[in-house]
Amino acid sequence: MSELRYNLISGEWIIVATERAKRPKDFVKAKKEQVPLPEYKENCPFCPGNENQTPVETFRLGGSGAWKVRSVYNKFGAVSNEEKKERRINGLYNSMGGFGVHEVIIEHPRHNNCIALMSNEEVENILKVYRERYLAVSEIEGIESIVIFKNHGPAAGTSLEHPHSQLIATPVVPPQVRGRLEQAVSFFDLNGRCVFCTMLESELKEKARIVLETDNFVAFMPYASFTPFTIWIFPRRHSASFGGINDREISDLAENLKTILGKLYYGLDNPDFNYSIRSTPVGERGTSYFHWYLSIIPRLSQPAGFELGSGMFINTALPEQTAEFLRQVQLT
Ligand SMILES: [Zn+2]
Ligand SMILES: [Zn+2]
């Protein structure tokens, strides 16, 4: 027996293996003995003292001496603002120069730190730099969409150990953002309400999938989650763009995000994960129909043949059970 659940935000059906679902504890990966990381690594380009090894610095929090957070261009950027944005048509095919912005946000001077173990203030500093870079990059002509994301651990695709996040801004709207926008517009046209605000209200009433509530944010597991332990953090206040986050909300999001990542760290033994911040395209920041949010995806399962062949996901965990499990995890 299983159940198909409809994801109201993405507009997709997901297969939830309700009876064969694994227990939350089964997702704790038996890791190979890990060598603890050093606090400082001489040849790490992100460690203090090696600032000249990174490309152009775009922002620094903490003055010219001991910095707290830095942002720099990505040395091997997927896109660059020096590329041309003109579109080219070559017979049947369209192309354009690799125009855009690809930055790295170095989250902390210490090589072996991670958000789950930082102080609230340190996480707040990272989020402040996210906002600073989001707003600065959104002013660049031709930029349509900005995604801020983090890869933690090898299964999440990280190539450098030093804690860092990335920002990629593109001159076209990525398909996932576009798909969710279209869904949100349809829901708004039909109901006259933001689908995210509506979902948040319903989740808060039902409570079964809520993991953590703070003053300005709610972390919960989506009803039709693509993968085990996926967590969405929604701002309570309707706002279409991350760029609109205020200082009070930054401080509250720092507490919420740090607690959630701490629960994953202690509950699932520091799993690899990705998170991303999804916002409306930069020109539509005031819309009533879209609502920015942060999505955390622990890398506990691999998409297999069916997922790759169909684009339809099979989730082997029940969001209600995994939410209950994470609620119980104590930060020690
Ligand atoms: Zn380092
Ligand atoms: Zn909303």
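From a predicted model like this one, the values you see are computed outputs, not experimental measurements.

A. Region of interest: the overall build of the protein chain. Scanning the protein chain for helices and strands turns up 6 helices and 15 strands. In the protein chain, buried positions account for 38% of the 332 residues. In the protein chain, 71% of the contacts between residues at least 6 apart in sequence involve partners at least 24 apart.

B. Representation of the sheet that holds strand β10 (residues 210-213) within the structure. Read from one edge of the open sheet, 10 strands run β3-β4-β7-β9-β8-β13-β14-β12-β11-β10, paired in antiparallel fashion. Two strands bound the open sheet, and with one partner strand each, they are β3 (57-61) and β10. With direction set aside, neighbouring strand axes in the sheet form an average angle of 15°. Relative to strand β13 (residues 273-278), strand β8 (residues 145-152) runs antiparallel, the two being bridged by 5 bridges. Opposite K150, over in β13, you have Y275 as the bridge partner. The sheet contacts of helix α1 (residues 120-138) involve β3, β4 (69-73), β7 (101-106), β8 and β9 (164-170), and relative to β3 the element is tilted by about 145°.

C. Highlighting the nonpolar core. Counting 75 residues, the largest nonpolar core has I231, I233 and I260 as its most contacted members. If we ignore the near neighbours within four places in the chain, the residues touching I231 are V211, A219, M221, I260 and I296.

D. Geometry of the pairing of β13. Two elements, β13 and strand β14 (residues 293-298), share 6 bridges in a ladder whose sense is antiparallel. Following the sheet pairing, N274 is matched in β14 by I297.

E. How the structure looks around the packing of α1 against helix α4 (residues 247-267). Running from N to C, α1 and α4 cross one another at 120°; their axes reach a closest spacing of 8 Å. Classified by the angle their axes make, α1 and α4 are oblique. When the axes of α1 and α4 are compared, the crossing they make is right-handed. Two secondary-structure elements touch here, α1 through N120, V123, E124, L127, K128 and R131 and α4 through I250, S251, L253, A254, E255, L257 and K258. Partitioning the contact of α1 with α4 into residue classes produces 6 nonpolar, 2 polar and 5 charged.

F. Main features of unusual backbone geometry. Unlike most non-glycine residues, F229 shows phi in positive territory, near 70°. In this fold, F229 is placed in the loop between β11 (217-220) and β12 (231-235). Among the residues examined, F229 registers 28 C-beta atoms within 10 Å and is labelled buried. A positive phi angle is found at N270, which is not glycine, with a value near 50°. Within the secondary structure layout, N270 lies in the loop between α4 and β13.

G. Representation of the sheet that holds strand β1 (residues 3-7) within the structure. Taken in spatial order, the 3 strands make up an open sheet running β1-β2-β15, and their pairing is mixed. Sheet topology places β1 and β15 (314-315) at the edges, where each strand pairs with a single neighbour. Inspection of the sheet shows strand β2 (residues 12-16) paired to β15 by 2 bridges, in the parallel sense. Bridge pairing in β15 places I15 opposite I314.

H. Main features of the pairing of β2. Bridge analysis of β1 against β2 gives 5 bridges, and the strand direction is antiparallel. Following the sheet pairing, E3 is matched in β2 by V16. Taken together, β1 and the strand that follows it, β2, pair antiparallel across an intervening segment of 4 residues, in which G11 is found at a positive phi of about 75°.

I. View of the environment of E144. Residue position: E144 is located in the loop between α1 and β8. Sequence-wise, E144 and I9 are 135 residues apart; in three dimensions their C-alpha atoms are separated by 21 Å. Dropping the residues within four chain positions of it, E144 is found in contact with T170, P171, V172, V173, P281 and V282.

J. Molecular detail of the environment of C194. Considering the arrangement of structural elements, one finds C194 in the loop between α2 (175-191) and α3 (195-206). Considered as a pair, C194 and H238 are 44 residues apart in the sequence and their alpha carbons are 8.2 Å apart. In this structure C194 touches F188, H238, S288, Y289 and H291, once residues within four positions along its chain are discounted.

K. Fine view of helix α6 (residues 319-328). Taken together, the buried positions of α6 are P319, T322, A323, F325 and L326. Relative to the axis of α6, the buried residues are bounded by an arc of 160° and lie together on one face. Contacts from the buried residues of α6 go to β10, β11 and α4.

What counts and how
- Residues numbered from 1 in each chain as written.
- Chains lettered and ligands numbered in written order.
- Predicted model: local features only at pLDDT ≥ 70, side-chain atom pairs only at ≥ 80, totals over all residues.
- Helix = DSSP H or I, 4+ residues; strand = E, 2+ residues; numbered from the N terminus.
- Buried ≥ 20, exposed ≤ 12 C-beta atoms within 10 Å, placed from the backbone.
- Contact = placed C-beta atoms within 7 Å.
- Pairing = 2+ DSSP bridges.
- Axes fitted to C-alpha atoms, helices over the stretch in contact; angles between N-to-C directions.
- Core = buried A, V, L, I, M, F, W, Y, C linked by C-beta atoms within 7 Å.
- Parallel < 35°, antiparallel > 145°, perpendicular 65-115°, else oblique.
- Left-handed = near helix turned anticlockwise from the far one by under 90°.
- Nonpolar A, V, L, I, M, F, W, Y, C, P; charged D, E, K, R; others polar.
- Arc of directions from axis to C-beta.

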